[in-house]
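Tertiary structure, described
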Amino acid sequence: MTTVDPENLPLLEALHSTPARRYLSTADIPDDIVRAILDAAIRGPSAGNGQFWAWIVVKDPQVKKQIAGWYREGWERHYGSRREQILAAPAGSPMSKTSFLAADHLATHLEEAPVWIFPVLLGAAKSTNPRLGSSIYGAVQQLILAARAHGIGATLTTLHIGHEADVRELLGLPEDALTMALIPLGYPAKGRWSQPKRRPLDEVVHFERFQTS
Ligand SMILES: Cc1cc2nc3c(=O)[nH]c(=O)nc-3n(C[C@H](O)[C@H](O)[C@H](O)COP(=O)(O)O)c2cc1C
């Protein structure tokens, strides 16, 4: 683990060098750093500054073990069961071989990440608002970037949601609450802070009107 000066990372450099980090060390993260990361997260936006959220910090090995099993069910159903097909896919396919192997590693080692954060939206379970997530995902990205400033890796994950009701009960969440992600945090054990690969800017940016060609 290398100690990082959180003040020393230019914002734009962070924006360009924070990929999902899925190979994490088991080294603990000091509580004051977890608090500092959450304190940066909650500065994020929500509609009307409603802040109808709760941020659940999970370190309990038993709770992590239980939820990691549920996560692996989701991983297997959506990706693991297509392992051969995904690994044989040509370069340029939506999920690269490297990403698959990293996500597979995270799925099989999830409970080893020392700290998990569940960003939770209160009163959201029955919502039909398609923009609901906008009242927390900005803050979630702040959490990921604040973690990065402390040299801590993170991934926004959601594959536990096949067991949403079980997770809600285990974490003691209100009936109408919705977990919006499970973010495992840890000091990176492998990989680099590198620029995330994305489609070219000019392919996705439109000026004034959506262009079809
Ligand atoms: C809504 C959402 C759900 C995601 N769920 C998972 C997940 O369950 N497991 C996982 O390993 N990554 C998950 N990711 C991470 C994406 O795979 C990742 O952001 C994408 O591959 C880009 O990765 P990169 O920033 O490292 O290039 C999720 C991301 C989003 C935005």
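It should be noted that the structure appears before, not after, this text.
Bear in mind that the values here come from a model prediction, so they are computed numbers and not experimental data. (Residues numbered from 1 in each chain as written. Predicted model: local features only at pLDDT ≥ 70, side-chain atom pairs only at ≥ 80, totals over all residues.)

1. Structural notes on the site of the ligand
- Surveying the vicinity of the ligand reveals 13 residues, the closest of which are P19, A20, T157, L159 and P196.
- The class makeup of the residues in the shell around the ligand is seven nonpolar, four polar and two charged. (Near = placed C-beta within 6 Å. Nonpolar A, V, L, I, M, F, W, Y, C, P; charged D, E, K, R; others polar.)

2. Observations concerning the packing of helix α2 (residues 31-41) against helix α6 (residues 137-149)
- Relative to each other, α2 and α6 sit at 145°, their axes nearing to 7 Å. As for the relative orientation of α2 and α6, their crossing is right-handed in sense. Seen from α2, the contacting residues are A36, I37, L38, A40 and A41; seen from α6, they are A139, V140, Q142, L143, A146 and A147.
- Split into classes, the residues belonging to the contact of α2 with α6 amount to 10 nonpolar, one polar and no charged. (Axes fitted to C-alpha atoms, helices over the stretch in contact; angles between N-to-C directions. Helix = DSSP H or I, 4+ residues; strand = E, 2+ residues; numbered from the N terminus. Left-handed = near helix turned anticlockwise from the far one by under 90°. Contact = placed C-beta atoms within 7 Å.)

3. Some words on the nonpolar core
- Core analysis: the biggest nonpolar cluster contains 41 residues, and Y71, V120, L143, A147, I183 and L185 have the highest contact counts within it.
- Elements with a contribution of two residues or more to this core: α2, α3 (61-78), α5 (97-109), β2 (115-121), α6 and β5 (183-186).
- Residues in contact with A147, not counting those within four places in the same chain, are I37, I152, A154 and L185. (Core = buried A, V, L, I, M, F, W, Y, C linked by C-beta atoms within 7 Å. Buried ≥ 20, exposed ≤ 12 C-beta atoms within 10 Å, placed from the backbone.)

4. What to know about unusual backbone geometry
- You will see that N49, though not glycine, has its phi angle at about 50°, which is positive.
- Of note, N49 is situated in the loop between α2 and β1 (53-58).
- Under the C-beta neighbour-count criterion, N49 is labelled exposed, with 7 such atoms within 10 Å.
- Here Q51, not a glycine, exhibits a phi torsion of approximately 50°, which is positive.
- Looking at the element boundaries, Q51 is found in the loop between α2 and β1.
- With 15 C-beta atoms packed within 10 Å, Q51 lands in the partly exposed category.

5. Re α6
- With 13 residues, α6 extends 18 Å between its outermost C-alpha atoms, agreeing within 8% with the 18 Å of an ideal straight helix rising 1.5 Å per residue.
- Where α6 is buried, its residues contact α1 (11-15), α2, β2, β3 (153-154) and β5.
- Within two residues after α6, G151 carries a phi angle of roughly 75°, on the positive side. (Expected span 1.5 Å × (residues − 1).)

6. Focus on the packing of α3 against helix α7 (residues 164-171)
- Interaxial distance between α3 and α7 falls to 11 Å at its minimum, and their mutual angle equals 175°. One element, α3, and the other, α7, form an angle in the roughly antiparallel class. Between α3 and α7, the contacting residues are V63, Q66, I67 and W70 on the first element and D166, V167 and L170 on the second.
- Across the contact of α3 with α7, the residue classes break down as five nonpolar, one polar and one charged. (Parallel < 35°, antiparallel > 145°, perpendicular 65-115°, else oblique.)

7. Here we look at the environment of F100
- Tracing the backbone through its elements, the reader meets F100 in helix α5.
- On the basis of neighbour count, F100 is assigned to the partly exposed category, with 18 C-beta atoms found within 10 Å.
- Along the sequence, F100 and L173 sit 73 residues apart, while their C-alpha atoms lie 31 Å from each other.
- Excluding anything up to four places from it in sequence, F100 contacts Y79, I86, L87 and M95.

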